[in-house]
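Coordinate inspection notes
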Amino acid sequence: MRSFGKKLGGLCIIAAAFAAGAFAYLLTRAPLFEGGYGYEFSRGASSSAGIERAEYPVLYKLLTPVAGESVRYAGDRYEALKAQFGAELCFTEEACGVKNYYLYAPRLGGGIRMGEHVINLHIAVSASQTAVGSPVIFGGI
């Protein structure tokens, strides 16, 4: 009876380790942004692989390799998003009434090189909405 208890204990430890690993994997596949509308993903290993809109971003990101993601919000959400990700502003540009903020957020890691900066968070604000993407917004606002 004692060996059965040891085997059961060993199986429980293996099951717990597997569950912890699965949970950690699921956390890495969670969408970066909460709420909003028009959640989009850049498929595959690069931004040129195509942009797809996802009605269920959690499920899409879990099952599909993505290179980037973006979402839109009503109104100006720049300050709140910058604070949420603890991001540092690298540079801005403005065109056609849209102000683009290019930032680096250490907790996101990775990014793309734009000039002398590494960017992994892009926030674009127009008169009526905010788009946010990582590493940048693929597509437009």
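Refer to the preceding data block for the structure.
Now for a quick tour of the structure. (Residues numbered from 1 in each chain as written. Predicted model: local features only at pLDDT ≥ 70, side-chain atom pairs only at ≥ 80, totals over all residues. Heavy atoms only, no water.)

Let us now look at the environment of G38. Relative to the elements of secondary structure, G38 occurs in strand β1 (residues 37-43). Residue G38 is classed as buried on the basis of its relative accessible area, which comes to 17%. When the C-alpha positions of G38 and Y73 are compared, they lie 8.8 Å apart, and in sequence the two are 35 residues distant. (Helix = DSSP H or I, 4+ residues; strand = E, 2+ residues; numbered from the N terminus. Buried < 20%, exposed > 50% of the residue type's maximum accessible area, 1.4 Å probe, protein only.)

With that out of the way, let us pick up the packing of aromatic side chains. A full pass over the atoms with the stated rule returns six aromatic pairs. Ring geometry for Y39 against F41: centres 5.1 Å apart, planes inclined by 35°, an arrangement best described as tilted. Of the two residues, Y39 and F41, neither departs from the other in class, the shared state being buried. Centre to centre, the rings of F91 and Y102 are 4.7 Å apart; their planes meet at 20°, and the pair counts as stacked. With a gap of eleven residues between them, F91 in strand β4 (residues 88-95) and Y102 in strand β5 (residues 98-104) connect regions that are remote in the sequence. On the accessibility criterion, Y102 (5% relative accessible area) is buried. Through a chain of ring-to-ring contacts, three or more aromatic side chains come together here, namely F33, Y39, F41, Y60 and F85. (Phe/Tyr/Trp six-rings, centres within 6.5 Å; stacked < 30°, edge-to-face > 60°.)

Worth remembering: the numbers are spatial, not functional.
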